[in-house]
Amino acid sequence: MASSNSSQAQNKPRQAVQFPVDDDSDQCPSADEESTPSSVVTGAAVVMANGTDADKSNKKGTANAVKECSGDVSSDSGDDDDDDEQETGGGDAWKIEDGMGISCECIICPFKTSGYEAAELMKDHIEDTHKLSFHTLKTSLKLNYPGFIQFVRFARKVKDRGLDIVQLVSEMETSKASPANYPWSSDEYLLPSDSDLQSDYFLTLDYFEVPEATTDVEDYQTLKQEKETLQETIKQMEDVFRRVVLDKNSDAPSPKSKTTKKTKKTSKLDGKSDNDLYFMSYDELTIHHEMVFDHPRTNAYRKAIIEQTNRIKDSYVMDLGCGSGILSMFCAQQGAKKVYAIDNAEIIYEAMSNSYENGFDSQIEFFRKDIDKEDLDIEKVDVIVSEFMGYFLFFEGMTETFIRTRDKYLKPGGVLMPDACNVYLVPVGRNGIYSSRMDCWDNVYGLKMSAMKELTMKEIPINSVSPDEVIGPAVCVKNLNLYTCAADDTKIDAEFVFRMDKETDFCAIAGYFDATFSGENKNIVLSTGPADPQTHWKQAVFFLPKPRRCSKGEELPCKFKSYPHHENPRWLMVEITLDNITHKFEFN
């Protein structure tokens, strides 16, 4: 839950220096891409703070498009129109070309239609011949457009297997199954393959077309039922509006009050508390784009949620700090009875839209609350999922909020996701970030700038450290069992030794964390170390005032402390003691 978009310290929660790196983290992963294995290899042995070694697992498209007429157009004077008609077969010749090459094959039988109206004609055929109602798909089965795509591709795949698709739809309607549990509700049916590109023209069907007016009694009753359903939906949306919007405005005491939602960017920083500024920082799109398209992060949560399907299905789930709502929707996909999505940033309005767009509005209930200060009028939940981790795990102070929320809202025997976190430190040599950020001030166009070097040393850049820059095994300085730890356990006070792998200059310490999601069959580990797939958390780098020469195999005693900043508990103070000299850093 971190952003690399740093600006003013008072209104950005993760005000750490950022340096550009070449990565593809903004690329949207393919649905079948696998990134986060059940365990992750950090590339180096991990040494615990007491000096013992511990193992840590490593971790055409082509389409039959309508052809455009490509005949030459003459610019000569004369009877051009007559000539053109003669050469191309007359002024109506385009109607013969129009729609050629377009066809649809029935998802149930071999019947085919062609031309621009192929999709509509095929819909009529399916409804008239096979008695499969698209109205039923939309209303009773609640299939949105992505669900319609999945259904069509599923039907084509099983067409030759003797499966009665009409009977299957009837069974789904009778059982009142959740859309997430339909046999076609799989990502594989959202991905086209070369074999079905031609028949995909059926997917151009206007699936949400409004039916023509009718006087049929049965149709009237159906429309009446749809109206009642829509009225209930409107009522639910009004309830959400009162809970999420009106409750946050003291000048809107009742549902009857005239209220206009405050637009983003209208709030002024003057008079805002540090806590207000923290939540405001999550109003921006950039931070959510960075998190959602951090593939190792998002895919780890997705896999962990799928791994806990049996615990999530028909259960009550809380998504603490829901942001864009993606984790809430992952839980809804696994059949959660209700997901309480909590956030105090205005991004929650976009999350509500995302939920509605994907058909989860009846499953996900949103609360715009500062959960540390405001109570939720809900029963205790079976599962709490949260991406609370800040830079170096503890920056932002959300770990403490997660722990307090656990104590207040998790049922006995409930599930936490994640359920364990570890913090690591690793020694870093001169090559790489130290050379580019510290040594650079020794010669600036022939001039020395030691003051700039000292200023750089006091800051804590968030940057990707290459495995080649690591000069010794990582040391674990904090283990957190999130089921049992207390809020005060987020402080670090560790004594340990760094063991050097080679003779080199010891110039900096890089800090990172991992998070474990225990599953029924396997554990999912999200690690942010130098040897792991890069995440938006990268690593926190603590520069030493000057390099220290070390020999191969040398063990260097070190003390490390980390605790909340006295000015703002969401910031961190860090103390590192080497050779009996203590260096202090402010993480703000």
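Before reading further, recall that the structure is shown in the block above.
A quick note: this is a predicted structure, and the numbers were derived from the prediction, not measured.

Before going further, it helps to spend a moment on the overall build of the protein. When helices and strands are counted, the protein shows 16 helices and 19 strands. Burial status across the protein gives 46% buried among its 588 residues. Roughly 30,400 Å² of accessible area belongs to the protein as shown, and the carbon and sulfur atoms make up 48% of that amount.

Further remarks concern the packing of helix H5 (residues 145–157) against helix H6 (residues 165–175). Here H5 crosses H6 at 135°, and the two axes come no closer than 11 Å. Our classification of the angle between H5 and H6 gives oblique. As H5 runs across H6, the sense of the crossing is right-handed. Across the interface between the two elements, Phe151, Phe154 and Ala155 of H5 pack against Ile165, Leu168 and Val169 of H6. Partitioned by chemical class, the residues of the contact of H5 with H6 number six nonpolar, no polar and no charged.

Taking strand neighbours across the sheet as the criterion, the five strands line up as S7-S6-S5-S8-S9 in an open arrangement whose pairing is parallel. The outermost strands of the open sheet, each flanked by one partner alone, are strand S7 (364–368) and strand S9 (410–417). Direction aside, the axes of adjacent strands within the sheet are offset by 20° on average. Pairing between strand S5 (residues 316–320) and strand S6 (residues 338–343): five bridges, direction parallel. Residue pairing in the sheet places Val317 in a bridge with Val339 of S6. Along the sheet face, helix H12 (residues 326–333) touches S5, S6, S7 and strand S8 (381–386) and points at about 175° away from the line of S6.

A few words on unusual backbone geometry. Across the junction of Met417 and Pro418, the peptide omega takes the value 0°, indicating a cis bond. For Pro418, the location among the structural elements is in the loop between S9 and strand S10 (420–428). The phi dihedral of Asp579 falls on the positive side, at around 50°, and the residue is not glycine. With respect to the element layout, Asp579 can be found in the loop between strand S18 (572–578) and strand S19 (581–587).

Cut-offs applied
- All residue numbers here refer to positions counted from 1 along the written sequence of the relevant chain.
- Only residues with pLDDT of 70 or above have their local features reported here, since the model is predicted, and side-chain atom pairs are shown and tallied only from 80 upward, although totals for entire chains, interfaces and linings are computed over all residues.
- Side-chain calculation: all heavy atoms of the structure are included, whereas hydrogens and water are not.
- Runs of E in the DSSP output that reach at least two residues are strands. Runs of H or I that reach at least four are helices, and both are numbered from the N terminus.
- Partly exposed describes any residue whose relative accessible area lies between the buried limit of under 20% and the exposed limit of over 50%, with all areas from a 1.4 Å probe on protein chains only and scaled to the type maximum.
- We get accessible surface area from the Shrake-Rupley algorithm with a probe of 1.4 Å; when it comes to residues, only the shown protein chains can shield them.
- Only the contacting stretch of a helix is used when fitting its axis, a line to C-alpha atoms as for every element, and angles between N-to-C directions run 0 to 180 degrees.
- For classification purposes, angles smaller than 35 degrees are called roughly parallel, those larger than 145 roughly antiparallel, those between 65 and 115 roughly perpendicular, and all remaining angles oblique.
- Here is the rule for handedness: rotate from the far helix to the near one, and if that takes an anticlockwise turn smaller than a right angle the crossing is left-handed, while a clockwise turn gives right-handed.
- Residues are treated as being in contact if the distance between any of their heavy atoms lies within 4.5 Å.
- Only Asp, Glu, Lys and Arg are considered charged in this grouping, and only Ala, Val, Leu, Ile, Met, Phe, Trp, Tyr, Cys and Pro are considered nonpolar; every other residue, Gly among them, is considered polar.
- DSSP calls a pair of strands paired once it identifies at least 2 bridges connecting them.

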